[in-house]
Every structure is written in structure tokens, then in C-alpha cells.
2 protein chains.
Amino acid sequence: FFVVEGVRDASRALDAGLRPIEVYLCPELNPGAAAADIDRVLAKAGLAKQFTVTAALMKKMAYRQDPQGLLVVLEQPSWPLARALEDVQAGGAPAASDELWLVAAGTQKPGNLGAMARCAEATGCVGVLVADPVVDPFNPNAIRASTGAVFRLPVVSATKESIVSFLDRRGVQLYVGSPGSPLCYTDAGFVGPTAFVIGPEDSGLELWWLEIAARWADRGRGGVVSIPILGRAVDSLNASVAAAVLLYEAVRQRCAHVARPAEPDRMV
Amino acid sequence: FFVVEGVRDASRALDAGLRPIEVYLCPELNPGAAAADIDRVLAKAGLAKQFTVTAALMKKMAYRQDPQGLLVVLEQPSWPLARALEDVQAGGAPAASDELWLVAAGTQKPGNLGAMARCAEATGCVGVLVADPVVDPFNPNAIRASTGAVFRLPVVSATKESIVSFLDRRGVQLYVGSPGSPLCYTDAGFVGPTAFVIGPEDSGLELWWLEIAARWADRGRGGVVSIPILGRAVDSLNASVAAAVLLYEAVRQRCAHVARPAEPDRMV
């Protein structure tokens, strides 16, 4: 189970087909103008149990400091991808030729994970693989920053070993983003099935990932790429910005001269 | 004057050469481990007046909910660019051939403005032009999200008319990002001096900008470009992500096969 707060995120979750369990309403906290929006949410929420609570209780329940008067408890989606990640025996379901993956390695802020999911969804990724997770994709800040992406796009956690083995079995190439690399991202080829690994902003990427990428580079299946930083005042990019720059370069290389490429097929 | 809080942002501001006026310290709020960092800041702050305050007072002074025990008041940088924007008579200082600008139009969240400044600095922009500003680039959230970019990169506010006239006088082309445009950003040419206009995320860009861009397109000096959204769950990108995707496409087009392009000259 997880909780969404406010009309906008609740609507997104219900539109994505997630199952509502309980709805908490606090009319005191809702301006009259929101009534129609809330009625729409309630209509979508169907048979979920409804409770009316006081403002004091809603403020205790909610994560936000200034909650709206609506909070919905929903069932977490269960992604087939979660099983596929662990099922080593399944072996070798080959990747679609244009498959894109984003791997969040060591992401520490829920907002960053949500923003990365938003970028992954915008670029047609199959899913976001969260390595050795520290943050929950259904944290309220992650939900908000994802603008609903986490309701439809599988964001699935696993050990880094499972993730690398999974991508290997599918024949996906692996590119790790790291500011130190001499290989500029625009000089690498992202046309085949590709996964991008983005580390945490502050502490930097675990050495383990750089070693894996070097080994995969030897096999012609990826490497370590950098995004050039031209200014003097900053030395890094926000994690979701770095993810977007790499993912959109992959989209650009794939679609070259097509203004609006077709939607890639999804595995899940 | 403006305020920075905490060791990291204070160090960045002082390293950028900004002039400190007053330093407020609260030893109670600083763990012993921070002593060396704070001493370094104080050494850099030189002749600024120092005050020691209680934790209760520091919590009132600070913007953050959990302040560190360090707060520095500094003089705002004064950018020659601010005068150049208003000086219509100066007429026609031609742009450097690789000049890049970011125009923030109607940006409503300080964090977004700071994140956009970070991307602008990372891609070697000459400056960020804030049209009809709603937010202050020296708001604590803007400072933090910029990771210090606002201390070195001119982030200058003006009316949208002044900004467009300034870019026109310099011979810069103007591309407005808007999801509705049939022109994919990768099909436009950003090799000459270029400014990108990014609107607010929620309310969308003012019609005025689309009309200006259409008029400039007729003159062969820009247009309206979109970034394709391939997913089903999201319909837009974060403002700083959109800025980064456009700016890095310009860098890519300019540098084609050079792994680490040289730093562009700065006007200011």
C-alpha cells in the first residue's frame, strides 16, 4: 500500500488504473472551488471506503506541511519486471531492438528518483531499475516529482548484481555516466538496446559500476561516458538532468530525422 | 544584499569573489566536525563583521527549517549585463559566434530557476535572462538548486520586451521551447548565436512568446521547437530538464566530434 495526497496526484494514480483502498476527506481544508475536482476523484475511486477526518488529523496523516483535504490509500502496482529481474533461469528473453533502461544507482533523494522516472517515461524507457535502493519510489516527494510516471512506468528495486545479470541476459548494452570519463556521450553509440546508469549527485558513483562498465566495454557492450561541463562555477549536473541528456541523445540517434518517433513497445 | 546559509553555499559564494558583509555563527548548531569547515569560511570572509547568536535566533533568521550554525550576508554581484539589457542606444554589440543564452520566462519556483542556472552554466551560457521575474535568483532555494551557478553566471531580470530587443540587437536567434510545436528540436540549427526560451511548467508559456518566435522564424532567426515525449504517463518535462536537453543539443551541434570543446568566451 501507499498514500497519495491531493487532487492532482490522486487523479493520476486512479487514471493509471491503480486500485484505491481508502479515501480520507477533510472538507475544512478544501476550498469550495475544489469540490468538483474532489467529486471526480471520488467517482473514480468507486468502491473504496471513505472517511471524513478533522483538519488536525489530516495534518498528522499527511506528509506535506500544508495538506489538501484529500488523501487516498492505494495498492502498489506489482510489476512482472520485478520477478523477471530475479529469475535467472528464465534466461535470455532477448531485448527489443530499441529498448531503453535507466538504472538509478545509489539515488539518495526521493525527489531525484521521481524526476528520473519522469525523464525515463518521457523518453520511452521500459523501466527504471533501482540498484541497492535507499529511497522508495512511492515516497510522496518521489511521486510528486515524477508527475505520475511512477504509477505507470515500472520502477523496480534489486541488487546491483541482479540488475547487471538481467541486462546481460537480455543483451542490453550498459553505459555508466561519470564526469571523469574521456569518452563524450555524443561519441558513443546508443542505437541498440541500451541501459544508462546514473549515480548519486553528492557522493558519486560506486567504483563497482565503473569496473563493470570497463569490463563490458572490453566486450563491446558499453562503457563509461561523460557529459561535458563547460562552465567554471559548477562541476556536475543534477541526476535527472544527466539522465535526460543521455536518454534524449539515445532517442536522437535512433530517430535521426523523424520528428515524432513511434512509441517503443513495452515489455511490461 | 542577500543571505547564504550553511558551509557549502557560503564557501561557494566566497570562492566566487562575492563580498561578505556580516557573518552569523551559532556554535550550538554546529557539530564539532564542522569546526574546520567553518574556520575555512571565516578565513575567506576576512573583514566581515562576526556575530554569535543563540540557536533560537538562528532558527528565526534562517530560511531552512534545520539551519546549520552559519549564515553569511553578502553583497549582490552587479552584472554589466543588467545595464546592457536596458541600453537601447548601445545598439548592436554583435554576439560572439558561439554565444548561448537561456531565457527563463515566467518561472515560478525558485528551485527551478536555480536548476536552470546550473544547466546554463554547465553548457557555457553567457547568462540567464529572467523575463518579467516572479522569483529572485538569490532566494535560498534558488541558490541551493544552482549549486553556486548564480554566484558566477549573470542571472539578470528584465521585461520580456527588453530581452527580445537586446537579443535582436546582438543578432542572436531565438528558439522557444513548446510541446505543441511540429518542429523537433533536433531538426533545428543551433550553431549560430542562440537563445532558448523556457516557460513555466504548470501554466505554460505566454502566447506572446509564441508570436514573437513565429515572427522571428519568418526572418530566419529562430522559431518554436518541441522535445518529443514518448511515454504515456507524462506530458511534459521539468523546466531545467527541458533547458538542458536544448542547451546540450546546441553544444553537440557546435562541437560535433570534439570530445571536450573549449570554453566559449563570456561577455561579462
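Anything mentioned here points back to the structure above.
Residues numbered from 1 in each chain as written. Chains lettered and ligands numbered in written order. Predicted model: local features only at pLDDT ≥ 70, side-chain atom pairs only at ≥ 80, totals over all residues. Heavy atoms only, no water.

Next up on the list: the pairing of strand β5 (residues 100-105) of chain A. All names here are of chain A. Burial of β5 is extensive: 6 of the 6 residues sit out of reach of the surface. With 5 bridges joining them, β5 and strand β6 (residues 127-131) adopt parallel strand pairing. Directly across from Ala105, in β6, lies its bridge partner Ala131. Handedness of the β5-helix α5 (residues 110-122)-β6 crossover: right-handed. (Buried < 20%, exposed > 50% of the residue type's maximum accessible area, 1.4 Å probe, protein only. Helix = DSSP H or I, 4+ residues; strand = E, 2+ residues; numbered from the N terminus. Pairing = 2+ DSSP bridges. Right-handed = clockwise from strand over helix to strand, strands pointing away.)

This part is about the interface of chain B and chain A. Facing 49 residues of chain B, the contacting portion of chain A comprises 49 residues. Across the chain B to chain A interface the summed buried area is about 3,900 Å²; carbon plus sulfur atoms make up 53%. By the criterion of area lost to chain A, the three top residues of chain B are Arg118(B), Leu230(B) and Tyr248(B), representing 19% of everything that side buries. Linking chain B to chain A there are 2 salt bridges. Notably, a salt bridge pairs Glu201(A) with Arg118(B), separated by 2.9 Å at the nearest N-O pair. For the side of chain B that touches chain A, the secondary-structure elements that each account for two or more residues are α5 (110-122), α7 (149-152) and α10 (239-255) of chain B. (Contact = heavy atoms within 4.5 Å. Buried area = accessible area lost by both parts, 1.4 Å probe. Salt bridge = Lys/Arg side-chain N within 4 Å of Asp/Glu carboxyl O.)

As a further point, take the packing of helix α10 (residues 239-255) of chain A against α10(B). The N-to-C vectors of α10(A) and α10(B) enclose an angle of 55 degrees; their axes lie 9 Å apart at closest approach. Here α10(A) lies oblique to α10(B), going by the angle between them. For the pair α10(A) and α10(B), the sense of crossing is right-handed. Across the interface between the two elements, Ser240(A), Val241(A), Ala244(A), Val245(A), Tyr248(A), Glu249(A) and Arg252(A) from α10(A) touch Ser240(B), Val241(B), Ala244(B), Val245(B), Tyr248(B), Glu249(B) and Arg252(B) from α10(B). The residue inventory of the contact of α10(A) with α10(B), partitioned by class, reads 8 nonpolar, 2 polar and 4 charged. (Axes fitted to C-alpha atoms, helices over the stretch in contact; angles between N-to-C directions. Parallel < 35°, antiparallel > 145°, perpendicular 65-115°, else oblique. Left-handed = near helix turned anticlockwise from the far one by under 90°. Nonpolar A, V, L, I, M, F, W, Y, C, P; charged D, E, K, R; others polar.)

Residues and elements named next belong to chain A. Counted according to the given criterion, the structure contains 25 salt bridges over all chains. Ionic pairing is found between Arg64 and Asp9, a salt bridge with its closest N-O pair at 3.8 Å. Taken together, the residues Arg64 in the loop between α3 (55-61) and β4 (70-74) and Asp9 in helix α1 (residues 7-15) connect sequence positions 55 residues apart. The partly exposed category is assigned to Arg64, whose relative accessible area is 24%. Taking the relative accessible area as the measure of exposure, Asp9 reaches 5% and is therefore buried. For Arg19, the salt bridge goes to Glu75, with nearest N and O atoms at 2.6 Å. With Arg19 in the loop between α1 and β2 (20-25) and Glu75 in the loop between β4 and α4 (80-86), the pair connects residues that are 56 residues apart, well separated along the chain.

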